Amino acid sequence: MSKHGHGATPVISSTGLFTPSDTISNEELVASFNAYADRYNAANPAAEPLTHSSVEFVEKASGIKSRHVMDKRAIVDPDIMEPRYAERPNEQISLMAEIGVAACRDALERAGRDIEDVDAVLCAASNMQRAYPAMAVEIQHELGMQRGFGFDINVACSSATFGIQTAADYIRSGNARSVLVVNPEITSGHLNWRDRDSHFIFGDVATAILVEAKELAPAQHWEILGTRLKTQFSNNIRNNFGFLNRAHGQGAVDQSGPRNDKLFVQEGRKVFKEVVPMVGQMILEHAESLGLSGSDLRRLWLHQANTGMNRLIAQKVLGHEACEDESPTVLDTYANTSSAGSIIAFHKHNEDLTAGDVGLICSFGAGYSAGSVFVRKVA
């Protein structure tokens, strides 16, 4: 199979999903946090007391009702309140690669594709387990892919759409004919479970997207009509954990646990105010460049971070309040899964569409970063 020369039309042949078996309900999460707050307040009478969380507060702020995680036991233990995983020897597959492989295998099976047909693996996610070797190369190896290449992409919550455009560009240029984009997200590792304003936000999952040349694709697939990416620097969502931390002379951890800025931190109200208009405008301009309007869109598969954000963005794009059929939600049971959110929504809510239906996969988040992928169902 030639990798170079003539380009082809890129399509989405299939998607894959790995969902952890552990779930944490809001009731369990709030009980854990409140127990921790009571202990903290009792031990620190001179400090400003921590306020209790509540199920009502969490659901009003986010729309989230539960989340899947790789390790529930330690997270809900008020003495630990962070995931605990046994450190694996270098000879064993890493945890992040393991769930990525599961999602890839699901996508390959759904497309009836053999790994020998795949030319590249792009691991596109927010939180990489290590700096190197690349997670993508480990996933490639574990899948048994003897040739081709892999590399990692990190554009936070927009990593999957950036990965889709990258894969589509390889196919358009003739540098590949079949590309796996995989999004393993163990976001529970960087969440501050002791922070009332954010302890409910994230969940763990892995998704995969098989992007291929149209002539390779199964009869039922999604033509990629157009992709667009945007970045604009902002400190309003940030995580300072990295390999240079030890150069500061303090490390990333003190006696009480990880320092807060080495975990996920955000200015939620600022993010809401700035990202909603940026993304709405980007989608409308991208649609217009493709000769599309809101009325042409059968469904929006939006990033799953906040129901309020999605409602406003969908309304700007469609020109009316979107119903669940037009803009499906998985946030309520998966929580925010960073780059994987829009892909879960697409994976779970696309089979009922018919040939010719047009939809939009859209992500947005830290960076700021945003990506839009317009697709049309074939057969």
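Scroll up to find the structure this text is about.
What you see is a predicted model, and the numbers here were worked out from it, not measured in a lab.

**Quick look at the overall build of the protein chain**
Part 1: Within the protein chain, the regular secondary structure consists of 10 helices and 15 strands.
Part 2: At 21 Å, the protein chain has a C-alpha radius of gyration in line with the 21 Å of a compact globule built from 379 residues.
Part 3: Across its three principal directions, the C-alpha atoms of the protein chain cover 70 × 55 × 35 Å.
Part 4: Burial statistics for the protein chain: of 379 residues in total, 54% are counted as buried.
Part 5: As displayed, the protein chain has an accessible area near 16,600 Å², and 49% of this comes from carbon and sulfur atoms.
Part 6: For the protein chain, the centre of its 35 positive side-chain charges and the centre of its 46 negative side-chain charges are spaced 3 Å apart.

**A few points about the layout of surface pockets**
Part 1: Reported here for the second largest pocket is a volume of approximately 250 Å³.
Part 2: Taken together, 14 residues make up the lining of the second largest pocket; nearest its centre are Ser 13, Ser 14, Gln 220, Asn 350 and Glu 351.
Part 3: Of all elements in the fold, only strand S1 (10–18), helix H4 (95–111), strand S8 (221–231) and helix H10 (341–348) reach the threshold of two or more residues within the lining of the second largest pocket.
Part 4: The leading source of residues in the lining of the second largest pocket is S1, at 4 residues.

**Observations regarding the nonpolar core**
Part 1: Val 279, Ile 283, Leu 300, Ile 313 and Phe 364 are the most contacted members of the largest nonpolar core, which totals 47 residues.
Part 2: Those elements that provide at least two residues to this core are helix H1 (26–43), helix H2 (55–62), helix H7 (268–289), strand S13 (297–302), helix H8 (307–318), strand S14 (358–365) and strand S15 (369–378).
Part 3: When residues in this core are grouped by element, the largest group, 8 residues, is from H7.

**So, unusual backbone geometry**
Part 1: With omega at -5°, the peptide bond leading from Tyr 132 into Pro 133 counts as cis.
Part 2: For Pro 133, the location among the structural elements is in the loop between strand S4 (120–124) and helix H5 (135–143).
Part 3: With an omega dihedral of -10°, the bond running from Gly 367 to Tyr 368 counts as a cis peptide bond.
Part 4: If you trace the backbone, Tyr 368 turns up in the loop between S14 and S15.
Part 5: Even without a glycine there, the phi angle at Ala 156 is positive, about 50°.
Part 6: Among the secondary structure elements, Ala 156 is positioned in the loop between strand S5 (149–153) and helix H6 (159–173).
Part 7: Its identity as a non-glycine residue notwithstanding, Ala 335 has a phi of 65°, on the positive side.
Part 8: With respect to the secondary-structure elements, Ala 335 resides in the loop between helix H9 (331–334) and H10.
Part 9: With a relative accessible area of 0%, Ala 335 lands in the buried category.

Criteria and cut-off values
Numbers given to residues run from 1 along each chain, matching the order in which its sequence is written. Totals for whole chains, interfaces and linings use every residue, but because this is a predicted model, local features are given only for residues with pLDDT of at least 70 and side-chain atom pairs only at 80 or more, for both listing and counting. To obtain the side-chain values, all non-hydrogen atoms of the structure were used and water was disregarded. By definition, any uninterrupted DSSP run of H or I lasting at least four residues is a helix, any uninterrupted run of E lasting at least two residues is a strand, and each is numbered from the N terminus. The size measure is the radius of gyration over C-alpha atoms, and the globule rule it meets is 2.2 Å times the number of residues to the 0.38 power. Three labels apply to residues, based on accessible area from a 1.4 Å probe with only protein chains included: buried if under 20% of the type maximum, exposed if over 50%, partly exposed otherwise in between. Accessible surface area values rest on a Shrake-Rupley calculation with a 1.4 Å probe, where residue burial reflects the displayed protein chains alone. Two residue types count as positive, namely Lys and Arg, and two as negative, namely Asp and Glu; His and chain ends fall outside the count. Each charge is placed at NZ for Lys, CZ for Arg, CG for Asp and CD for Glu. Only protein atoms enter the 1 Å grid used here. Points where a 1.4 Å probe fits but cannot escape make up a cavity, open sets with protein on both sides within 12 Å along at least five of seven lines make up a pocket, and a residue lines them when an atom lies within 4 Å of a point. Grid points are joined across faces, edges and corners, and a volume is the space filled by probe spheres set on the points. Nonpolar cores are built from buried Ala, Val, Leu, Ile, Met, Phe, Trp, Tyr and Cys residues. Side-chain atoms within 4.5 Å join them into one set.

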